[in-house]
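Coordinate inspection notes
Spelled out, the chains give:
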Amino acid sequence: MFTGIVSAVGVVRRLIEAEGLRRLRIETPPGWLAGVGVGESIAVDGACLTPVHVDDDGFEVEAVASTLERTVAGRYRPEARVNLEKALRMGDRLDGHWVQGHVDGIARFEGLRRTGETRFLAFTLPPEVWALSIVHGSITLNGVSLTIHALGPQARCEVAIIPHTWTHTNLSDLEPDDPVNVEGDMMGKYASRILDPRSGGGAMEP
């Protein structure tokens, strides 16, 4: 479980391809990995991944086929910057919102407009995420907990970014049509499932 409060930005240093699997080496700021061990959880651009190797300079994770299909992990290139968050501990402050690290799909960045120091970023969401989103509700984009400023037709969404978020996450790296990981609000998912038992996706093959 996470909060969507990014605590560091790492850099993808190495990629190893295998059949149905991709191993990533991510470099972290000095000291950031203190207390983190193999087998724990780290949110990488909002996707909960398990370190299989940890050292003083960074860590390695393996993204399997389902992760590569559902997230931007299959699109990473060397030197890509990624948002990082350690797993929430019992008793920690919940400064963002409940984030599972279970990415629902890929959103597309449309562009931004600026009013003073505030940047308004527009995205096209997967329809199933847009359907359970509300204005002033929560959404997670590339692992960043954000408040929905506006919703539009064609599954469009706009969020407001303060200067601190702009300079301390990789959202400032985005170019139009870039993909980002998106996780819809967990409360909205459960409410949708209760109201319509047929919803929820993830149907199993017979």
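Structure: see above.
Counting restarts for each chain, with residues numbered from 1 along the sequence as it is written. Side-chain atom pairs in this predicted model are given and counted only at pLDDT of 80 or more, local residue features only at pLDDT of at least 70, and totals for whole chains, interfaces and linings cover all residues. Where side-chain values are given, they derive from all heavy atoms of the structure, hydrogens and water being excluded.

Re empty space enclosed by the protein
Whether a set of points on the 1 Å grid over the protein atoms alone is a cavity depends on a 1.4 Å probe fitting there but being unable to get out, while an open set qualifies as a pocket with protein on both sides within 12 Å along at least five of seven lines; lining residues are those with an atom within 4 Å of a point. Grid points are joined across faces, edges and corners, and a volume is the space filled by probe spheres set on the points. One pass over the structure, following the stated rule, counts 1 cavity of 30 Å³ or more. Considered as a void within the structure, the largest cavity measures approximately 30 Å³ in volume. Lining the largest cavity are Val6, Ala43, Gly46, Asn83, Leu84, Glu85 and Gly143. A per-element tally of the lining of the largest cavity places strand 7 (residues 81-86) first, with 3 residues. Labels follow the DSSP assignment, with helices taken as runs of H or I lasting at least four residues and strands as runs of E lasting at least two, numbered in each case from the N terminus.

Here we look at the packing of aromatic side chains
Think of it this way: a Phe, Tyr or Trp ring, Trp meaning its six-membered ring, pairs with another when their centres are within 6.5 Å, and the plane angle makes it stacked under 30 degrees, edge-to-face over 60, tilted otherwise. One pass over the full model with this rule turns up 1 aromatic pair. Here the basic side chain of Lys86 rests over the ring of Trp32, its NZ or CZ set 5.1 Å away from the ring centre. In this scheme, Lys NZ or Arg CZ marks a charge over a ring once it lies within 6 Å of the ring centre and within 35 degrees of the ring normal. Over the aromatic face of Phe120 sits the side chain of Arg113, whose NZ or CZ is 4.1 Å from the ring centroid.

Looking at the pattern of salt bridges
Once their charged atoms are close, side chains differing in charge can pair, the charge on each being opposite to the other. The salt bridge definition used is simple: a Lys or Arg side-chain nitrogen within 4 Å of an Asp or Glu carboxyl oxygen. For the coordinates displayed, the defined rule picks out 11 salt bridges. Between Arg23 and Glu60 there is a salt bridge, and its shortest N-O distance comes to 2.6 Å. Here the residue Arg23 occupies a position in strand 2 (residues 21-27), and Glu60 occupies one in strand 6 (residues 58-64), the gap between them amounting to 37 residues. Judged by its relative accessible area of 23%, Arg23 is partly exposed. Exposure remark for Glu60: the relative accessible area of 10% places this residue in the buried category. Burial classes: relative accessible area under 20% of the type maximum marks a residue as buried, over 50% as exposed, and values in between as partly exposed (1.4 Å probe, protein chains only).

Here we look at the nonpolar core
Throughout, nonpolar core names a set of buried Ala, Val, Leu, Ile, Met, Phe, Trp, Tyr and Cys residues whose side chains join them through atoms within 4.5 Å. Counting residues in each nonpolar core, the largest one holds 20 residues, and the members touching the most others are Leu121, Phe123, Leu125, Ile139, Leu141, Leu146 and Val159. Every element with two or more residues in this core is listed here: strand 8 (105-115), strand 9 (118-124), strand 10 (138-141), strand 11 (144-152), strand 12 (156-161) and strand 13 (179-183). Residues Ala8, Val36, Val61 and Val72 belong to the second largest nonpolar core, which totals 18 residues.

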